[in-house]
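Take a look at the letters that make up each chain.
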Amino acid sequence: MQALYAQLLVGLINGSFYALLSLGLAVIFGMLNIINFAHGAVYMMGAFCAYFLLNIAGLGYWWALIIAPIVVGIFGMILERTMLQWLSGLDHVYGLLLTFGIALIIQGIFQNYFGSSGLPYQIPDALRGGMNLGFMFLPVYRGWVVVFSLVVCLATWFLIEKTQLGAYLRAATENPTLVRAFGINVPRMITLTYGLGVGLAALAGVLSAPINQVRPLMGADLIIVVFAVVVIGGMGSIMGSIITGFALGVIEGLTKYFYPEASNTVVFVLMVLVLLVKPTGLTGRAA
Amino acid sequence: MSTLTDDTLPVPPRAMRDEMVAFGIMAVLLAIVPLTGIYPFFVMQALCFALLACAFNLLVGYGGLLSFGHAMFLGTAGYVSAHALKVWALPPELGIIIGTAAACGLAVITGYISIRRQGIYFSMITLALSQLLYFIYLQAPFTHGEDGIQGIPQGFLFGVFNLAKPTVLYYVVLGGFLGGFLLIYRTINSPFGEVLKSIRENEPRAISLGYKTDQYKLLAFILSGTLAGFAGSLKVFVAQNASLTDVHWSMSGEIVLMTLVGGLGTVFGPVVGAFIIIAMQQYLAGYGQWVTVIQGVIFVACVLTFRRGIIGEVARLLRRSL
């Protein structure tokens with residue numbers, strides 16, 4: 001039983017990353033009509049940012065949690081201003097190809113300087129140790145990752161679905177021309193949206209640094225799983241992305257316990273099943 | 001919305017003539033390669049990738065479906081052919097047939113699943129399916145995991161042609177490439193190809209005209225996957241190994257890059273693109289991961305400034321169809 005709970009926890013943690021990343025992908029796709037292939041690369045940049053902050057500037061985990069998403073978010077906004085914005089009006093596929101190229105550049109550069117092995121990142125002192133819950137031993141840091149991701153996901157959902165800014169954002173997703181006619185600066189909103197999505201990925205990277213080590217290719221395989229998550233959940237709904245992300249993480253964790261050989265493939269197999277039964281995805285509209 | 005390719009369809013007879021002349025020039029140039037002292041293995045490898053890129057281009061350039069998982073056909077055919085040649089000790093022609101048939105079967109299944117969604121979702125689904133296959137091959141015993149299948153015997157094609165001789169192998173690979181190329185060319189210019197182009201331009205209209213577009217897309221997917229598999233089977237004889245690299249997503253990315261550089265939806269673009277990318281990898285092999293960075297830069301440059309690709313630009317400049 002202990003092992004089952006442990007795998008469930010690992011599943012929940014992976015689910016947090018899936019949720020944070022697919023949430024960002026959905027927000028970006030809504031505004032820019034681009035599938036951000038560079039999402040795995042910016043996730044990795046978030047983790048490296050935390051590593052640099054600690055080893056060069058001497059700023060610890062808590063600072064990294066704030067600074068890394070902002071720095072990487074600004075980097076994302078520069079990318080959007082200098083490159084992505086020129087793709088509006090072209091076929092969606094070009095956005096995928098451009099961001100794939102950007103991902104190759106970023107990952108290639110990091111691989112050149114840091115090889116393929118992992119760099120260690122310590123768990124902050126306040127989150128070390130564990131708690132005995134009676135039925136299982138819970139490492140504090142892992143519990144923190146799950147709770148904090150959930151809070152961030154819900155805050156993002158609240159920002160988009162319940163605030164004035166979110167209302168502009170949703171309106172601009174539906175009809176950018178009309179929203180511009182009301183005097184709202186839509187191009188700036190698009191830039192900020194891309195920054196937000198990228199910042200969420202960077203935040204996931206910081207959270208994952210103490211668990212998965214800091215590696216140049218840490219996001220490369222993850223992003224493909226997240227694509228499958230997005231195909232399963234659809235990108236039409238923010239809450240849908242969050243729930244699908246966590247649910248698939250848990251299913252993956254259960255698979256690791258009951259049939260470990262399939263743990264790498266279970267998300268892809270589920271994607272195939274969903275496509276066969278309900279081609280539009282669980283929450284998505286036909287696209 | 002603008003479509004992936006914006007070729008202004010020229011008058012067919014002249015277009016056909018231009019393309020046949022270009023094909024003749026290409027065939028003659030490739031045929032005299034062994035006389036020129038150019039390293040034949042480089043050209044053979046490039047020819048395999050050129051056929052692969054042409055097969056990929058059939059789907060994206062004429063059907064508007066960007067597959068981000070075409071490496072799965074390359075790798076599957078490669079593994080099956082390699083296994084058939086080495087473990088079952090089958091003759092080369094059977095090895096090629098079995099490998100290509102395996103890719104065809106895979107294309108039937110993956111095509112049936114992936115054409116259920118369009119556009120960007122199609123790309124993500126094909127990518128996810130190829131990753132699924134990657135993990136299966138990583139764990140399956142017959143692929144020997146990280147080591148791959150090595151030291152594959154080349155044998156005698158039809159019991160006559162000794163494929164261990166570079167010149168003989170070269171002409172066999174060239175024959176395979178030209179055959180595959182002509183088949184793709186014939187497909188593009190058939191009524192089937194015309195319907196495919198109409199689906200690319202405007203699918204709802206094609207449906208309203210009574211075409212069952214899903215069937216056309218599936219058939220195009222199967223044809224493309226099978227030919228990609230054929231390229232993978234040929235490559236086994238050149239490289240004499242089959243490894244996980246051929247199924248990895250980065251390989252799928254390279255196939256996309258070759259076609260993009262040469263020109264999406266052009267007849268000869270993928271061939272030119274494949275030669276350029278393979279040559280680049282050859283010359284920059286010593287620079288480690290910088291090759292990845294350069295590939296990324298080419299992707300970005302192509303998408304931002306050069307969407308027609310080399311052959312697309314040349315064709316526009318000369319006002320010819322290539």
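Definitions and limits used
- Every chain is numbered independently, its residues counted from 1 as its sequence is written.
- Following the order in which they are written, the chains are lettered starting with A and the ligands numbered starting with 1.
- Since the coordinates come from a predicted model, pLDDT governs what is reported: local features require at least 70, and pairs of side-chain atoms require 80 or more to be given and counted, while whole-chain, interface and lining totals use all residues.
- For side-chain calculations, the full set of non-hydrogen atoms in the structure is used, while hydrogens and water are omitted.
- Segments assigned H or I by DSSP are reported as helices when at least four residues long, segments assigned E as strands when at least two residues long, and all are numbered from the N terminus.
- As a reference, a globule follows 2.2 Å times the number of residues to the power 0.38, and the radius of gyration itself is taken over C-alpha atoms.
- By definition in these notes, contact holds between two residues if any of their heavy atoms fall within 4.5 Å.
- Computed by Shrake-Rupley with a 1.4 Å probe, the accessible areas treat only the displayed protein chains as cover when residues are assessed.
- Note that His is not counted, nor are the chain ends; the positive residues are Lys and Arg, and the negative ones are Asp and Glu.
- Charge positions come from single atoms, namely NZ of Lys, CZ of Arg, CG of Asp or CD of Glu.
- Take the accessible area each of two parts loses on contact, using a 1.4 Å probe, and add the two losses: that sum is the buried area.
- Within this document, salt bridges are pairs made up of a side-chain nitrogen of Lys or Arg and a carboxyl oxygen of Asp or Glu, the two lying within 4 Å of each other.
- Contacts described as polar in this section are N or O atom pairs within 3.5 Å, which, within protein, must combine one atom able to donate a hydrogen with one able to accept it, while residues neighboring in sequence count only if both atoms come from side chains.
- Any two rings among Phe, Tyr and Trp, with Trp reduced to its six-membered ring, count as a pair given centres within 6.5 Å; such a pair is stacked if its planes are under 30 degrees apart, edge-to-face if over 60, and tilted if neither.
- Lysine and arginine charges are scored as sitting over a ring when NZ or CZ, respectively, is within 6 Å of the ring centre and within 35 degrees of the ring normal.
- Three exposure classes are used, based on accessible area relative to the maximum for each residue type with a 1.4 Å probe and protein chains only: buried under 20%, partly exposed in between, and exposed over 50%.
- Nonpolar side chains (Val, Leu, Ile, Met, Phe, Trp, Tyr) are joined into patches within 5 Å and like charges within 9 Å, using only residues with over 30% relative accessible area and no salt bridge.
- Between the first and last residue of a helix there are one fewer steps than residues, each counted as 1.5 Å, and that sum is the expected span.
- Here, nonpolar core means buried Ala, Val, Leu, Ile, Met, Phe, Trp, Tyr and Cys residues that are tied together by side-chain atoms lying within 4.5 Å of each other.

Below, the discussion takes up the overall build of chain B. Secondary structure summary: chain B contains 14 helices and 4 strands in total. By the compact-globule yardstick of 20 Å for 322 residues, chain B fits well, its C-alpha radius of gyration being 19 Å. If you line up chain B on its principal axes, its C-alpha atoms span 50 × 45 × 40 Å. For chain B, the proportion of contacts with a sequence separation of at least 24, taken over those separated by at least 6, is 78%. A total of about 13,000 Å² of accessible surface is found on chain B, and carbon and sulfur atoms cover 67% of it. Positive and negative charge centroids in chain B, built from 18 and 14 side chains respectively, lie 7 Å apart.

Another point: the interface of chain A and chain B. Counting from both sides, the interface comprises 48 residues of chain A and, opposite them, 42 residues of chain B. Between chain A and chain B lies a buried interface of about 4,300 Å² when both sides are counted; carbon and sulfur atoms form 77% of it. Across the chain A-chain B interface, the total number found is 0 salt bridges. Where chain A packs against chain B, one counts 6 residue pairs in polar contact (both at pLDDT 80 or more).

Moving on to the packing of aromatic side chains. Inspection of the entire model under this criterion finds 34 aromatic pairs over all chains. Each residue in the set Phe37, Phe100 and Phe227 of chain A together with Phe68, Trp249 and Phe299 of chain B is aromatic and connected to the rest through ring pairs, giving one cluster. Above the plane of the ring of Tyr112 of chain B lies Arg116 of chain B, whose end atom (NZ or CZ) is 5.0 Å from the centre. Here the basic side chain of Arg307 of chain B rests over the ring of Tyr94 of chain A, its NZ or CZ set 5.8 Å away from the ring centre.

A word on the side chain of Glu93 of chain B. For Glu93 of chain B, the location among the structural elements is in helix H5 (residues 92–114). It is Lys165 of chain B that comes nearest to the buried, bridge-free Glu93 of chain B among opposite-charge side chains, at 16 Å.

Before going further, it helps to spend a moment on a nonpolar patch on the surface. All names here are of chain B. Taken together, Val21, Ile25, Val28, Leu29, Ile32 and Leu35 make up a surface patch of nonpolar side chains, about 590 Å² in accessible area. Sort the elements by how many residues they give to the nonpolar patch and helix H1 (residues 12–31) lands first, with 4 residues. Secondary-structure assignment places Val21 in helix H1.

Residue and element names in this part refer to chain B. On the secondary structure map, Thr266 appears in the loop between helix H11 (249–262) and helix H12 (269–283). Within polar-contact distance, the side chain of Thr266 engages the backbone nitrogen of Gly269 at 3.1 Å. Other than its neighbours up to four places away in sequence, Thr266 contacts Asn57, Tyr62, Ile311, Gly312 and Leu322.

The subject of this paragraph is helix H2 (residues 39–57) of chain A. Residues and elements named next belong to chain A. A rise of 1.5 Å per residue sets the reference length of H2, with its 19 residues, at 27 Å; its end C-alpha atoms lie 26 Å apart and thus fit the reference within 8%. In terms of burial, H2 is largely enclosed, as 14 of its 19 residues are buried. A positive phi of about 75 degrees marks Gly58, the residue just after H2.

Let us now look at unusual backbone geometry. For Gln213 of chain A, which is not glycine, the phi torsion reads 65 degrees and is therefore positive. By the element assignment, Gln213 of chain A lies in the loop between helix H8 (186–212) and helix H9 (220–233). Even without a glycine there, the phi angle at Gln240 of chain B is positive, about 55 degrees. Secondary-structure assignment places Gln240 of chain B in the loop between helix H10 (213–239) and strand S4 (241–242). Residue classification places Gln240 of chain B among the partly exposed positions, given a relative accessible area of 31%.

Counting 212 residues, the largest nonpolar core has Leu97 and Met271 of chain A together with Phe177 of chain B as the members making the most contacts within it. The element best represented in this core is helix H3 (residues 40–63) of chain B, accounting for 18 residues.

With that settled, consider the pattern of salt bridges. Residues and elements named next belong to chain B. All chains considered together, the criterion is met by 8 salt bridges over all chains. Here Arg320 ties to Asp18 by a salt bridge, and the two come within 3.0 Å at their closest N and O atoms. Here Arg320 is found in the segment after helix H14 (309–318), whereas its partner Asp18 is found in helix H1, with 302 residues between them in sequence. The residue Arg200 makes a salt bridge to Glu201 at a minimum N-O spacing of 2.9 Å. Taking relative accessible area as the criterion, Glu201 reaches 42% and is therefore assigned partly exposed.

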